[in-house]
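# Inside the fold
Each chain is listed here by its residues.
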Amino acid sequence: MRYFIFTCLLFLNLSLTFAQKTKKEDDTDDAKLSYGMNVGFYFPSNHTANFYNGSPNNENKIDLILKNKYYLEPLEQQIGYIVDTVNPYTLPTNMRYTPTSNIGFYFRYQLAKDLGVFAEINITKLTAGGVYFLNLHLPQNYSLDPTYKEYPIWGVEKRTMINLGISRIFPLQEIMHLFIESGINISNTKVVENKIKVEEQSFSIVNNLGSNSYIPGSTQQTYQVIQGGIGFGVFLSSGVKFVFSENISVDPGFTFYWQQINLGNYDGFKPAFNPFVRFTFKKLI
């Protein structure tokens, strides 16, 4: 939040400074082109967060760690109990993303007085988190301790989202205009990591050994694992342009996405939301 507010104040100060130096707009191509930068907060659908929950039905499986004796036996020594062999764990089914900031770049070409086409690129980094329960095998009446232990599980991904569409401006007052934008959304999702924690150790559940299993001390070939891909959707944005001059404006707005995120089996169309502040310029470069 501090970085978001700082960036807004910085660009607002730049806008006011440049506004004092701009000249009257002419009919050249330079005058028809506007560009800028936006900052905001991205609220994704939690549907794809379950890609990281370690389920045996997912690409990344918690079994990679908890059903390998070379991992499990040392962990049982640290925990002090044996893990239940029949039902070793209970996985989360409601993994959630932490809403995060995004940064973007904007380019618009004016077709008519209040009509234009535009392209926008937004970049964000998301963390999906939850907890799983490691079930312990305790003899009857052996201990009053809980029969399970709770540990975190998480995934990190990068998303790049490209919006291509049409922009329409509706003048309200001399310094305040309404804008509406709509078009198609192209997203590129890349998985950065998917891990669990047991006691003080973190383990990746991304399988980079192929059909082989981890054996300590052995020389094993590892593979580069690329997860994620290209997804598509549509969007609708609306907001208000506060015009400081013919060449400077600050545009707070809100975008609604109907997105298909390409992430394993979790690729259905789901909503996402993005409030933002855009700083738009003309003829300043």
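Further up the page is the structure itself.
First things first, this report covers the structure right here in the doc. (Residues numbered from 1 in each chain as written. Predicted model: local features only at pLDDT ≥ 70, side-chain atom pairs only at ≥ 80, totals over all residues. Heavy atoms only, no water.)

## Quick word on the overall build of the protein chain
Within the protein chain one finds four helices and twelve strands. Split into buried and exposed, the 285 residues of the protein chain put 42% on the buried side. In the protein chain, the proportion of contacts linking residues at least 24 apart, taken out of those at least 6 apart, comes to 72%. A total of about 15,800 Å² of accessible surface is found on the protein chain, and carbon and sulfur atoms cover 58% of it. (Helix = DSSP H or I, 4+ residues; strand = E, 2+ residues; numbered from the N terminus. Buried < 20%, exposed > 50% of the residue type's maximum accessible area, 1.4 Å probe, protein only. Contact = heavy atoms within 4.5 Å. Areas by Shrake-Rupley, 256 points an atom, 1.4 Å probe, with all protein chains shown as cover.)

## Things to note about the pairing of strand β7 (residues 148–171)
Inspection of the sheet shows strand β6 (residues 115–137) paired to β7 by 21 bridges, in the antiparallel sense. Along β7, the bridge assignment pairs Gly129 with Trp154. For β7 and strand β8 (residues 176–198), the ladder comprises 19 bridges, and the chain directions are antiparallel. Opposite Val156, over in β8, you have Glu193 as the bridge partner. From the end of β7 to the start of β8, which pair antiparallel, there are four residues. (Pairing = 2+ DSSP bridges.)

## Considerations on the environment of Glu73
Inspection of the secondary structure puts Glu73 in helix α4 (residues 69–79). For the pair formed by Glu73 and Val83, sequence separation is ten residues and the distance between their alpha carbons is 9.1 Å.

## With respect to the environment of Gln227
Structurally, the position occupied by Gln227 is in the loop between β9 (201–204) and β10 (228–245). Among the residues examined, Gln227 registers a relative accessible area of 7% and is labelled buried. For the pair formed by Gln227 and Val192, sequence separation is 35 residues and the distance between their alpha carbons is 8.5 Å. The residues contacting Gln227, other than those within four sequence positions of it, are Phe51, Glu59, Asn60, Thr189, Lys190, Val191 and Val206. Within the structure, Gln227 has its side chain in polar contact with the side chain of Asn60 (distance 2.7 Å). (Polar contact = N/O pair within 3.5 Å; in protein donor to acceptor, adjacent residues only side chain to side chain.)

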